[in-house]
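Descriptive analysis of the structure
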Amino acid sequence: MGTKRRPATEAEARALASSVRLRILRLCLDQALTNKEIADRLGANPATTLHHVRKLVETGFLAAEPSRPGPRGSTEIPYRATGKSWQMDVRESGVTGGRSAMLDAFLEEVRLVDIEEASFTRLGLRLTPEGHAELLERLQEVFDDFCYRQPPPGGKAYSLFFALHRDVSRDA
């Protein structure tokens, strides 16, 4: 799309080719969460979640914040998403599964909301290559504008999923 993103390394692309990891990044986007908190929100085993958290830390998508006291004298490490995934392009990495992971993460997340409260729009278009490029560029400008804004105090969390695909059923 419009903004130039740097190519992802193979390790970075592999880290993003998991719907669980994409969901973890979304959970830690604007608040730091411990591994246990992440596991609880995902309804997952903490050991499995820790494997994913470590992979995201190792590749720079999550950053550990200062440790804090936990229950019964334990120490907890909260993690926050770095925003790095927004700045890269995984298409040239040679790693497959990234696109399906993104779709799977979206479907898993949207199943958690009251479908009547979600906003959906479908639009059928016919575009020239130039029109296709213009549409992507203009949408990217909007996405970038909102992505880089500071979250307002008291703002509610929203997620946006965008898919532009060939409508093969109409060109049969």
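The structure we're discussing is the one just above.
Calculation criteria
- Residues numbered from 1 in each chain as written.
- Predicted model: local features only at pLDDT ≥ 70, side-chain atom pairs only at ≥ 80, totals over all residues.
- Heavy atoms only, no water.
- Helix = DSSP H or I, 4+ residues; strand = E, 2+ residues; numbered from the N terminus.
- Buried < 20%, exposed > 50% of the residue type's maximum accessible area, 1.4 Å probe, protein only.
- Contact = heavy atoms within 4.5 Å.
- Areas by Shrake-Rupley, 256 points an atom, 1.4 Å probe, with all protein chains shown as cover.
- Lys, Arg positive; Asp, Glu negative; His and termini not counted.
- Salt bridge = Lys/Arg side-chain N within 4 Å of Asp/Glu carboxyl O.
- Patch = residues over 30% accessible without salt bridge, like charges linked within 9 Å, V, L, I, M, F, W, Y side chains within 5 Å.
- Phe/Tyr/Trp six-rings, centres within 6.5 Å; stacked < 30°, edge-to-face > 60°.
- Arc of directions from axis to C-beta.

Quick word on the overall build of the protein chain
Of regular secondary structure, the protein chain possesses 6 helices and 6 strands. Taking the principal axes of the C-alpha coordinates as reference, the protein chain spans close to 65 × 40 × 30 Å. Classification of the 172 residues of the protein chain by burial places 27% in the buried group. Across the protein chain, the fraction of contacts at a sequence separation of at least 24, relative to all contacts at a separation of at least 6, is 66%. With the model as given, the accessible surface of the protein chain reaches about 12400 Å², and the carbon-plus-sulfur share is 54%.

Examining the environment of Ile115
Considering the arrangement of structural elements, one finds Ile115 in the loop between helix 5 (98-110) and helix 6 (129-147). Apart from residues no more than four positions distant in its own chain, Ile115 is found in contact with Val110 and Phe120.

Description of the side chain of Arg21
You can see Arg21 is positioned in helix 2 (residues 19-27). No salt bridge is formed by the buried Arg21, whose closest oppositely charged neighbour, Glu58, lies at an N-O distance of 8.7 Å.

Points about a nonpolar patch on the surface
Taken together, the side chains of Leu123, Leu125 and Leu127 present a nonpolar region at the surface, about 290 Å² in accessible area. Within the fold, Leu127 resides in the loop between helix 5 and helix 6. Looking at Leu127, the relative accessible area reads 41%, which means it is partly exposed.

Focus on the packing of aromatic side chains
Inspection of every chain in the model, using the stated rule, returns 2 aromatic pairs. For the pair Phe106 and Phe161, a centre-to-centre distance of 4.4 Å together with 20° between the ring planes defines the contact as stacked. Note that Phe106 is positioned in helix 5 and Phe161 in the segment after helix 6, a separation of 55 residues in sequence. On the accessibility criterion, Phe106 (23% relative accessible area) is partly exposed. Residue Phe161 is classed as partly exposed on the basis of its relative accessible area, which comes to 29%.

Examining helix 3 (residues 35-42)
Looking at helix 3, one finds that the buried residues are Asn35, Ile38, Ala39 and Leu42. For helix 3, the buried positions fall inside an angular range of 100° around the axis, keeping them on one side. Immediately downstream of helix 3, the backbone of Gly43 shows phi near 65°, a positive value.

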